[in-house]
Amino acid sequence: MARDVSRRGFVAKGAAAAATAFGFDLRPAQASVRELKISRTTQTHSVCPYCAVGCSVVIHTLGDKAHNVKPAVVHIEGDPESPVNRGTLCPKGISLKEFVTSDRRLTRVLYRAPGAADWKTISWDEAFARMARAIKNARDAGFEETDEQGRTVNRLRNVAMIGGCTDTNEINYLLSKFRFGLGILPYENQSRL
Amino acid sequence: MQTVAKLIDTTLCIGCKACELACQEWNDQEFTLGVFQGTYQTMPDLAHNFWNLIKFNERETAGGMSWLMTKYQCMHCADPGCLRACPAPGAIVQLRNGIVDFNHDHCIGCGYCITGCPFDVPRLSPATKKVYKCSLCSDRTAVGLSPACIKTCPTNCLTFGARDELLRKAESRAEQLRADGHAQAGVYNPQGVGGTNVLYVLKDATEPEAHGLPKDPTIPLSVALWKGPLKWLGTLTLVGGILGTFFHYVRFGPRTYEGQEK
């Protein structure tokens, strides 16, 4: 099948084909967009653990919750539905992913003996035994049932408790119960320090 | 497609640096320790793994000192010097919504874009030998999310949207500032690079250098010449040479030597 192609038309078409083949007009084809890293994540709504403002966050976790899949936190950002922060976060809040995934996160008990220069790793059992012993000794020595005027106070002033700003509500509830149970008065929170 | 833009109202910036961290976090950049410069700035300068810096420009005033906060990142120019200078097809692309993005699969690491950029933004990574900069979160904007830095900003200093709309918003904000007694307030949208898709409202628009921004940025002459007239001249010389050789051969035939048989 022969098509009527004029000499001029053939040259023009050939030039256009050559221009395309030599990469003069490939820009639209190459303008690919990066892959969105949260396109296949599970979204979990939570509250930022740091200060008392209580900004809401969305935690993006990779992994389809299958039995053999270990989920990985890939991104944390502000929850736009929260009336507190409306999607925004401060520098501490926006770096929450590091708080979860950082390899410098402390996962073992470190102990520095009195007078020692170095930290050494001890077991949780050893740590609990030592903490319990120290608290018991201090409480036995310093517990006051009554004050100078004979009023019942049941207080313990030589033990202090410091709460962590990244503790959850549940941990804080238990910490308070523990504190009231022992009668500890000095009480501070890291987010105020 | 609508051109998108980022509006930075420098008068509302409190220097919290949440945008810096949002950028690091979203782009999975590892934080490297910098040098203490005696200012509140996180880093002295941008880096290949640090694309967004809040500059704490200090300016002495009658009452003491004031900070002129400036968010320093890629300006996403309408006429990008980096794109003009880039010799690798597809390594730097200008998306239809105005975002200038680097495609690292195509980057050859020549660093010409660093020469071409009037704002001194792209940075070469010593490890990968490729050049990196802010992508205006092209992955997020492609699906309708705002860039990471804009979403996190707690003071509404950063906004993202259609460029025309933001330009109007910037002008009205500048007017408001002028009415409030900042007579020099204005919008930074340099025309030397065809306008930028990152717009600033400056307290003192007559002196952008105080904010750490170039007053009248243009694409360097060497790049403009090399990628403009000289490129065509070079192509013409090459094609002309080949054509000339061909026609010379057709007209005069191959070179003959004395004693050679015809």
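What counts and how
- Residues numbered from 1 in each chain as written.
- Chains lettered and ligands numbered in written order.
- Predicted model: local features only at pLDDT ≥ 70, side-chain atom pairs only at ≥ 80, totals over all residues.
- Helix = DSSP H or I, 4+ residues; strand = E, 2+ residues; numbered from the N terminus.
- Buried ≥ 20, exposed ≤ 12 C-beta atoms within 10 Å, placed from the backbone.
- Contact = placed C-beta atoms within 7 Å.
- Pairing = 2+ DSSP bridges.
- Axes fitted to C-alpha atoms, helices over the stretch in contact; angles between N-to-C directions.
- Core = buried A, V, L, I, M, F, W, Y, C linked by C-beta atoms within 7 Å.
- Nonpolar A, V, L, I, M, F, W, Y, C, P; charged D, E, K, R; others polar.
- Expected span 1.5 Å × (residues − 1).
- pLDDT = per-residue confidence, 0-100.

The next subject is the overall build of chain A. Secondary structure summary: chain A contains six helices and nine strands in total. Within chain A, the fraction of its 193 residues that count as buried is 11%. Put simply, 40% of the contacts in chain A that link residues at least 6 apart link residues at least 24 apart.

What follows covers the pairing of strand β10 (residues 198-202) of chain B. Residue and element names in this part refer to chain B. Burial within β10 is extensive, with five of its five residues counted as buried. The pairing of strand β1 (residues 4-9) with β10 spans four bridges and is parallel. For Asp 9, the partnering residue across the bridge sits in β10 and is Val 201. Here three bridges tie strand β9 (residues 186-188) to β10, and the two strands are oriented antiparallel to one another. For Gly 186, the partnering residue across the bridge sits in β10 and is Leu 202.

Another aspect to go through is the sheet that holds strand β8 (residues 158-162) of chain B. All names here are of chain B. Reading across from one edge, β8-β1-β10-β9 is the order of the four strands in this open sheet, with mixed pairing throughout. With one partner strand each, in any of the chains shown, β8 and β9 form the two edges of the open sheet. Here the average twist between neighbouring strands, direction ignored, is 25°.

All names here are of chain B. By size, the foremost hydrophobic cluster in this structure holds 76 residues, and its most contacted members are Ala 22, Ile 92 and Leu 199. No other element matches the six residues that helix α1 (residues 18-26) contributes to this core. Not counting residues within four places of it along the chain, the set of residues in contact with Ile 92 comprises Cys 82, Leu 83, Cys 86, Val 100, Phe 102 and Cys 113.

Residue and element names in this part refer to chain A. Pairing is antiparallel across the open sheet formed by three strands, whose spatial order is β1-β2-β3. What marks the edges here is a single partner per strand, and that holds for β1 (41-47) and β3 (72-78). Taking the axes of each pair of neighbouring strands and ignoring which way they run, one obtains an average angle of 25° across the sheet.

A few words now on the interface of chain A and chain B. If you look at the interface, chain A gives 21 residues, while chain B gives 23 residues. Those elements that place two or more of their residues in the side of chain A that touches chain B are α2 (27-30), β3 and α3 (91-94) of chain A. Top contributing element to the side of chain A that touches chain B by residue count: β3(A), with three residues. Split by residue class, the side of chain A that touches chain B holds eight nonpolar, eight polar and five charged.

All names here are of chain B. A positive phi angle is found at Leu 136, which is not glycine, with a value near 50°. In this structure Leu 136 comes out as buried when scored by C-beta crowding, with 29 C-beta atoms within 10 Å. Unlike most non-glycine residues, Asn 156 shows phi in positive territory, near 60°. Structurally, Asn 156 is set in the loop between α5 (148-152) and β8.

We now examine helix α8 (residues 229-252) of chain B. All names here are of chain B. For α8, spanning 24 residues, the distance from its first C-alpha to its last is 33 Å, which sits close to the expected 34 Å at 1.5 Å a residue. Summarising burial for α8: zero of the 24 residues are buried, a small minority. Following α8 by one or two positions, Gly 253 has its phi on the positive side, about 80°.

This part covers the environment of B:Ala91. Residues and elements named next belong to chain B. Tracing the backbone through its elements, the reader meets Ala 91 in the loop between α2 (81-85) and β4 (92-94). The exposure class assigned to Ala 91 is buried, which follows from the 24 C-beta atoms found within 10 Å. Contacts of Ala 91, omitting those with residues within four sequence positions, involve Cys 86, Phe 102, Asn 103, His 106, Cys 107 and Ile 108.

On to the confidence of the model for chain A. A residue-level look at chain A finds 81% of positions with pLDDT of 70 or above and a mean pLDDT of 84. Least confident of the elements in chain A is α2(A), whose mean pLDDT is 51; most confident is strand β5 (residues 120-122) of chain A, at 95.

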